[in-house]
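# Descriptive analysis of the structure
Listed below are the residues making up each chain.
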Amino acid sequence: MRKYLLASAASLGLMVAASGAAHAQAAKAPAPGSIHVYLNGLINDQINMIGASGDSVQGGTKLNPVGMSGFIRLYPGFDGTTENGIQYGAHIELRTAYSNAGTGIVENSASGSLTGLAIRRAFAYVGTPQTGFVRFGQTDGIWWLLSTGEYYNFGDGNLWNSDGGVGAAVPSPDAPSGLFTSTGALYTTNKIVYISPKMAGFQAGFDYEPNSNGFKQGEICAIGSTNCATLASAAGDASRRKNTVTGGIEYSGEFNGVGVTLAYDYLHAAPIGNSTGLGLNYKSMGINELSGQVKYAGFTLGVNAKSGQVNNGMHFLMAGQRDLTFYEVTGIYDMGPYTVGAYYFNNQSAGAYTMGSGLGRTETDYGVAVGANYALSKNLGLYATYLYGHRHQAGYTFASNSTTALKNNVQSQAISLGAALKW
């Protein structure tokens, strides 16, 4: 008879879930014939102070520079081992859904607002350390699992990635764009992932995603449209991905107390075909990612760089648009219960430029993030975050609803103080 245990996942950090950041499937495999069941969680709340170009009065409205934001995330799942040593399990991430109903969450609202929780990640895995592991479901792929140099363990844990926190509270026209590795456009889609066993410090893997759909979106469309998740082609413009394939290799080792990690990944995707040949025609997507990390005596230095045929937001390029280049440099220092960190990123993309538009050919975005954390215990932490962002594209007004002069050069700053509790 199997033993059923209630366990907490040791790999769940204060600011980031193990479901997205852990290379291993379980911090410690359960004994043969048993499973470990858990319900982890994270609740985060903070007060924000924001100054941005979009804060100015527009059409008689003005944003309050001081506000509060927060979220809750739940991580149910289990890890198991069969009697003959095969490891398996399932991991889920539930998040607070957005609401635009007005004052707080309005139940049964007729305004179309979203309430409650939404499924962000949901995947299963099976394998062994000797043969490697297969993941399947809405999950991170090789793009994140076999890369480094991008971190979420300081400040509010989100920074400029707009996955929550103060960065998401900055008015979107003023928040700088970056081709970050951890992006919902990639990890909320249904895919199959294989990660090899580690041999002599090397680990490799690949994943395949037929269409850019989540679980329920994968059901067959009754009537074909450009919004159907499983289209191969459409009569008109359709910019969804199909046949996304990612491959990567990573090396990690230690030399005289210095930990080194290097990784290379390549992602390729095709656009849904335009069966009429009229309208917009998108290029295939191809992105190189090169990343590295050095760790010594509590200090971490990371670099992540990407380049290829893609636009902001993992969008396809059109004829005449330039390739995107992105790099991020991060430094983090851990000293007991204290963590301090900072990064700088720079993103050069086509942005809103199209042939004949008269706009500048390059949108330049860059951002700085600084954070400090203090862990009162392994379950309770306090933090402070500072963000600075800048965007520019000649001839383009980022605040599309602006009634004032052209705003093609916008800045933003944000400070937040908050607390995070995990279990």
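Our structure is the block above this text.
Here the structure is a predicted model, which is why all the values come from computation and not from measurement.

## Considering the overall build of the protein chain
Helix and strand counts for the protein chain come out as 4 helices and 19 strands. Going through the 423 residues of the protein chain one by one, you find that 47% of them count as buried. The contacts of the protein chain with a sequence gap of at least 6 include a subset with a gap of at least 24, amounting to 66%. Summing over all exposed atoms, the protein chain offers an accessible surface of approximately 19300 Å²; the carbon and sulfur share of this is 62%.

## Let's talk about the pattern of salt bridges
Applying the stated criterion to the full structure yields 9 salt bridges. With a shortest N-O distance of 2.6 Å, Arg95 and Glu93 are connected by a salt bridge. Taking relative accessible area as the criterion, Arg95 reaches 9% and is therefore assigned buried. Notably, a salt bridge pairs Arg391 with Glu363, separated by 2.9 Å at the nearest N-O pair. Taken together, the residues span a long stretch of sequence, with Arg391 in strand 18 (residues 380–392) and Glu363 in strand 17 (residues 363–377) at a distance of 28 residues. Put simply, Glu93, Arg95, Arg120, Arg121, Asp140 and Asp163 are held in one network by salt bridges that share partners.

## Some remarks on the pairing of strand 4 (residues 87–96)
Bridge count for strand 3 (residues 66–81) against strand 4 is 7 bridges, and the pairing is antiparallel. In the sheet register, Gly77 faces strand 4, and the bridge partner there is His91. With antiparallel pairing between neighbouring strands as the criterion, strand 3 and strand 4 make up a hairpin whose turn holds 5 residues, including Gly85 at a positive phi of roughly 95°. With 10 bridges connecting them, strand 4 and strand 5 (residues 117–128) associate as antiparallel partners.

## Focus on the side chain of Thr339
Considering the arrangement of structural elements, one finds Thr339 in strand 16 (residues 338–349). Of the polar contacts made by the side chain of Thr339, one reaches the side chain of Asp334; its length is 2.6 Å. Setting aside residues up to four positions removed in sequence, Thr339 forms contacts with Asn153, Phe154, Ile332, Tyr333, Asp334, Gly371, Ala372 and Asn373.

Rules and cut-offs
Residues numbered from 1 in each chain as written. Predicted model: local features only at pLDDT ≥ 70, side-chain atom pairs only at ≥ 80, totals over all residues. Heavy atoms only, no water. Helix = DSSP H or I, 4+ residues; strand = E, 2+ residues; numbered from the N terminus. Buried < 20%, exposed > 50% of the residue type's maximum accessible area, 1.4 Å probe, protein only. Contact = heavy atoms within 4.5 Å. Areas by Shrake-Rupley, 256 points an atom, 1.4 Å probe, with all protein chains shown as cover. Salt bridge = Lys/Arg side-chain N within 4 Å of Asp/Glu carboxyl O. Pairing = 2+ DSSP bridges. Polar contact = N/O pair within 3.5 Å; in protein donor to acceptor, adjacent residues only side chain to side chain.

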